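Listed below are the residues making up each chain.
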Amino acid sequence: MPVGYQFNAPSRPEDEAQKGKPPPSEYDSGIEVTPYKIGRKEWEELYIAVLYTIKHKLGANSSGYSVYAEDLYEYAQEAFCMSDDDHKRFLSIAQDEKPPILVLNVTVVEAQGLEAKDPNGFSDPYCMLGIQPANTLERRNSSDEELGSGSIKGSPRRQGGLKKLGASLKRRDRIRSNSISDTLPAKFIRTTSVKPQTLNPMWNEQFRL
């Protein structure tokens, strides 16, 4: 058959009649369907998981989400046919569970046009990053130059080496006077490798915060 030639088989009348019809059910096709019955214990565990998910909804502001959470609780109770007493009991269990540990995957790609910190006209840059606590994050100045709580530093040799970087992650801008701290604890800091003698470092390094 020549390249590029497409052969279309003529449609049959029975094929035309099937167009637009829904697919046959399992029973009509002769497929044996085994019904699955969920046990009471598994049903209750599933309900607790649903309540836990509603309580720890991700990506939603806690203050603005609370109204919708109550609606979801009510909907879940109705969907699972739970009595008020059972709902309260299982909700208490879900609320006593530890909140989920959230993980942010970050890739530090590159930086360009950094300030020269060494006499040779270059720097040995590295990047420090971490997650700023919510109580101080809300009070950050809009002119903050950091990405999240990440910042790019110059030469570590001039600052006493990378071993001293774990002390704190100091912010470039000044936090308002009612801030409880202007540093990020060392255990929350991640640091990229050092790229020697460059003002345009390429890292492509991944971190889990």
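Residues numbered from 1 in each chain as written. Predicted model: local features only at pLDDT ≥ 70, side-chain atom pairs only at ≥ 80, totals over all residues. Heavy atoms only, no water.

Would you mind going over the nonpolar core with me for this structure?
Within soluble globular proteins, side chains that are nonpolar generally end up buried alongside one another. Tyr 47, Leu 51, Ile 54, Ala 69, Tyr 73, Met 82 and Phe 90 are the most contacted members of the largest nonpolar core, which has 13 residues in total. Ile 54 has contacts with Tyr 65, Ala 69, Leu 72, Tyr 73 and Ala 76, leaving out every residue within four places of it along the chain. Leu 129, Trp 203, Phe 207 and Leu 209 belong to the second largest nonpolar core, which has 8 residues in total. (Core = buried A, V, L, I, M, F, W, Y, C linked by side-chain atoms within 4.5 Å. Buried < 20%, exposed > 50% of the residue type's maximum accessible area, 1.4 Å probe, protein only. Contact = heavy atoms within 4.5 Å.)

Any chance you could explain unusual backbone geometry here in plain terms?
With the exception of glycine, the majority of residues adopt a negative phi angle, and the majority of peptide bonds are in the trans configuration. A positive phi angle is found at Cys 81, which is not glycine, with a value near 55°. On the secondary structure map, Cys 81 appears in the loop between helix 3 (62–79) and helix 4 (84–96). Although it is not a glycine, Gln 197 sits at a positive phi angle of roughly 50°. (Helix = DSSP H or I, 4+ residues; strand = E, 2+ residues; numbered from the N terminus.)

Help me understand the pattern of salt bridges in this model?
For side chains of opposite charge, pairing can occur when their charged atoms come near one another. Under the counting rule described, the total for this entry stands at 4 salt bridges. The closest approach of N and O atoms between Asp 86 and Arg 89, which form a salt bridge, is 3.1 Å. Here Asp 86 pairs with Arg 89, and both are found in helix 4, just 3 residues apart, close to one helical turn. Given a relative accessible area of 42%, Arg 89 falls into the partly exposed group. Among the salt bridges present, the one from Glu 115 reaches Lys 117, with a minimum N-O distance of 3.7 Å. Overlapping salt bridges, with partners in common, bring together Arg 40, Glu 44, Asp 86 and Arg 89 in one network. (Salt bridge = Lys/Arg side-chain N within 4 Å of Asp/Glu carboxyl O.)

Is there a simple way to think about the packing of aromatic side chains in this case?
In this description, a pair of aromatic rings is defined by centroid distance and the angle of the planes. For the coordinates displayed, the defined rule picks out 3 aromatic pairs. The interplanar angle of 55° and the centroid separation of 4.9 Å between the aromatic rings of Tyr 47 and Phe 80 together place this pair among those described as tilted. With a gap of 33 residues between them, Tyr 47 in helix 2 (residues 40–55) and Phe 80 in the loop between helix 3 and helix 4 connect regions that are remote in the sequence. We classify Tyr 47 as buried; its relative accessible area is 0%. Between Tyr 47 and Phe 90, the ring centres sit 6.1 Å apart and the planes meet at 75°, which makes this aromatic pair edge-to-face. Of this pair, Tyr 47 sits in helix 2 while Phe 90 sits in helix 4, placing them 43 residues apart in sequence. The rings of Trp 43, Tyr 47, Phe 80 and Phe 90 are connected pair by pair, giving a single aromatic cluster. Taking the ring centre of Phe 90 as reference, the NZ or CZ of Arg 89 above it sits at 4.4 Å. (Phe/Tyr/Trp six-rings, centres within 6.5 Å; stacked < 30°, edge-to-face > 60°. Lys NZ or Arg CZ within 6 Å of the ring centre and 35° of its normal.)

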